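Structure at a glance
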Amino acid sequence: MNAPAPKISFVSLGCPKALVDSERIITQLRAQGYELTKTHDGADLVIVNTCGFLDSAKAESLGAIGEAMAENGKVIVTGCMGAEPEQIRERFPGVLAITGPQQYESVLAAVNEAAPPSHDPFIDLVPEQGVKLTPRHYAYLKISEGCNNRCTFCIIPKLRGDLVSRPAGDVLREAERLVKAGVKEILVISQDTSAYGVDVKYAASAWKDREVRTRFLDLSRELGELGAWVRLHYVYPYPHVDEVIPLMAEGKILPYLDIPFQHASPSVLKAMRRPGNQEKTLDRIRKWREICPDLAIRSTFIVGFPGETEQDFQYLLDWLAEAKLDRVGCFRFEPVAGAPANEIADPIPQEVKDERWHRFMKAQQAVSARILGSKVGRRVQAIVDAPGPTVSKGRTKWDAPEIDGSVYIASRRPLRAGDIVTVKIERADAYDLHGIAV
């Protein structure tokens, strides 16, 4: 009789890119016959995939490690914080192993050593598309690792290295497997999606009966032929992004761009060392909307960056009023250990950061409310995330999961997760839409 399969408890923290790393590790663990459990207590060991981007994220990661040590005692740490292991070793000298991000083999080797697998080929059937931590109807598709930019507030290149793009053929094969497994929406992610392929000089790779270049436009075009919703995240506004907008107008990929602008004032952008030709952004947004009037743009901004003056902040508010972005997130600047931004100028006092954050959110809320109000009376497509007996929760093509708004869909017929339905929008509130399935 076979020994019972060792049980692994898994904690995944941080961004969607880290979630994809977790999915890869879990897929390989399942293939080796490990069982996954939701509780630390009674597990053979715990894996914590950490985030190390901001101090608040590091604190959350250290808290999760502490909890795992207290409840279980056998802990392996991986992810961004693992790239700088001293802090972890200092607090928790008893952790079994620490590895950096994307070091899947090292994680598996540590697991195999601490709790050797008892492989049973008859029960360990792993789905072809791998184990996903997202709901069945959507999945994140990571197209590259690392980043070539050197933004002064960020240490991601230090943690995850320079840009390494996956061959287009590999990405498309993974996307095709996901669609065959029932995924209705593919969320394309990387640290800098529009730089895809720069590192390999856009080399072509085999896909079906043809060669496809490892390039943002070419990949977007091919993904648009798979029959699923395709949503682009973390797109820096390089000039060649303009070429993708016609694909959105044709309905090949979703009319949605997630562009981390971070600021609008030229002096702050220069201090941040932001890439992407940001001086003419308003003109380009206007042109994008001429080509694809339905385009939604989401972005994130930082207020209280060292040296940001009241004049810089006012410039940002004026820019925001003119840009009319659909969805916006805002962060108060947090110093990250080892980031050059900390040395640029004296830090902005916390109360000034808070005051600017509130003014920013108030200004953007008015913009968002107007945009949502303009959708009332329209018929739009929505994907169902959470079915209900009479009202289901879903998202329009202008909303990404977990970061944007929702649409609440009243329906006489039962809806299932992943259904794409036409909804007549009846009303809008500050963040969400409400309508009836037609």
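Residues numbered from 1 in each chain as written. Predicted model: local features only at pLDDT ≥ 70, side-chain atom pairs only at ≥ 80, totals over all residues. Heavy atoms only, no water.

**What about the sheet that holds strand 5 (residues 97-98)?**
Strand order in this open sheet of five strands is 2-1-3-4-5, and the pairing throughout is parallel. Looking at which strands have only one partner, the edges of the open sheet turn out to be strand 2 (35-37) and strand 5. As paired elements, strand 3 (residues 45-50) and strand 4 (residues 75-79) share five bridges and run parallel to each other. Its bridge partner being in strand 4, Asn49 is matched across the sheet by Thr78. On the sheet, helix 4 (residues 104-114) packs against strand 1 (7-12), strand 3, strand 4 and strand 5 and is oriented at approximately 165° with respect to strand 3. (Pairing = 2+ DSSP bridges. Helix = DSSP H or I, 4+ residues; strand = E, 2+ residues; numbered from the N terminus. Contact = heavy atoms within 4.5 Å. Axes fitted to C-alpha atoms, helices over the stretch in contact; angles between N-to-C directions.)

**Focus on the pattern of salt bridges**
Counting across every chain of the model gives 30 salt bridges. In this structure, Arg215 engages Glu243 in a salt bridge whose closest nitrogen and oxygen atoms are separated by 3.1 Å. Residue Arg215 is located in the loop between strand 11 (210-213) and helix 7 (216-223), and its partner Glu243 is located in the loop between strand 12 (229-232) and helix 8 (245-249); the two are separated by 28 residues in the primary sequence. According to the relative accessible area criterion, Glu243 is partly exposed, its value standing at 34%. With a shortest N-O distance of 2.6 Å, Asp385 and Arg395 are connected by a salt bridge. (Salt bridge = Lys/Arg side-chain N within 4 Å of Asp/Glu carboxyl O. Buried < 20%, exposed > 50% of the residue type's maximum accessible area, 1.4 Å probe, protein only.)

**Brief notes about the packing of aromatic side chains**
For the structure on display, the rule yields seven aromatic pairs. Arranged with centres 6.4 Å apart and planes meeting at 85°, the rings of Tyr138 and Tyr140 form a pair that is edge-to-face. Comparing Tyr138 with Tyr140 shows no difference in burial state: the two are buried. Centre to centre, the rings of Phe301 and Trp319 are 6.0 Å apart; their planes meet at 65°, and the pair counts as edge-to-face. Taken together, the residues span a long stretch of sequence, with Phe301 in strand 14 (residues 296-303) and Trp319 in helix 11 (residues 310-323) at a distance of 18 residues. Exposure remark for Trp319: the relative accessible area of 8% places this residue in the buried category. (Phe/Tyr/Trp six-rings, centres within 6.5 Å; stacked < 30°, edge-to-face > 60°.)

**Considerations on the side chain of Lys353**
Mapped onto the elements, Lys353 comes out in helix 12 (residues 350-373). Buried and without a salt bridge, Lys353 has Asp354 as its closest oppositely charged side chain, separated by 7.7 Å. The residues touching Lys353, leaving out its near neighbours within four places in the chain, are Val303, Gly304, Arg332, Phe333 and Ile348. (Lys, Arg positive; Asp, Glu negative; His and termini not counted.)

**Details of the nonpolar core**
Counting residues in hydrophobic clusters, the biggest one holds 51 residues, and the most contacted among them are Leu232, Leu257, Trp319, Leu325 and Phe360. Take this core: its biggest share by element is six residues, from helix 11. Apart from residues lying up to four places away in sequence, Leu325 is in contact with Phe261, Ile285, Arg289, Ile297, Ser299, Phe301, Trp319, Leu320, Gln364, Val367 and Ile371. Among the nonpolar cores identified, the runner-up in size contains 26 residues, and Leu254, Ala296, Val380 and Val384 belong to it. (Core = buried A, V, L, I, M, F, W, Y, C linked by side-chain atoms within 4.5 Å.)

**Here we look at helix 2 (residues 55-71)**
With 17 residues, helix 2 extends 24 Å between its outermost C-alpha atoms, agreeing within 8% with the 24 Å of an ideal straight helix rising 1.5 Å per residue. Within the sequence span of helix 2, burial applies to Ala57, Lys58, Ser61, Leu62, Ala64, Ile65, Gly66 and Ala68. Where helix 2 is buried, its residues contact strand 1, strand 3, strand 4 and helix 3 (86-91). One or two positions beyond helix 2, positive phi appears at Gly73, with a value near 95°. (Expected span 1.5 Å × (residues − 1).)

**Some words on the confidence of the model for the protein**
Summary statistics for the protein give a mean pLDDT of 86 and a share of 94% for residues scoring 70 or more. Across residues 121-126, confidence stays below pLDDT 50; counting only partners more than four residues off in sequence or on other chains, it has nine contacts. (pLDDT = per-residue confidence, 0-100.)

**A look at the packing of helix 6 (residues 168-180) against helix 7**
Contact geometry for helix 6 and helix 7: axes closest at 11 Å, N-to-C directions at 25°. Taken together, the axis directions place helix 6 and helix 7 in an arrangement best described as roughly parallel. The handedness of the crossing between helix 6 and helix 7 is right-handed. The segment helix 6 lies against helix 7, with Ala168, Val171, Leu172 and Ala175 engaging Leu219, Glu222 and Leu223. Tallied by class, the residues present in the contact of helix 6 with helix 7 amount to six nonpolar, no polar and one charged. (Parallel < 35°, antiparallel > 145°, perpendicular 65-115°, else oblique. Left-handed = near helix turned anticlockwise from the far one by under 90°. Nonpolar A, V, L, I, M, F, W, Y, C, P; charged D, E, K, R; others polar.)

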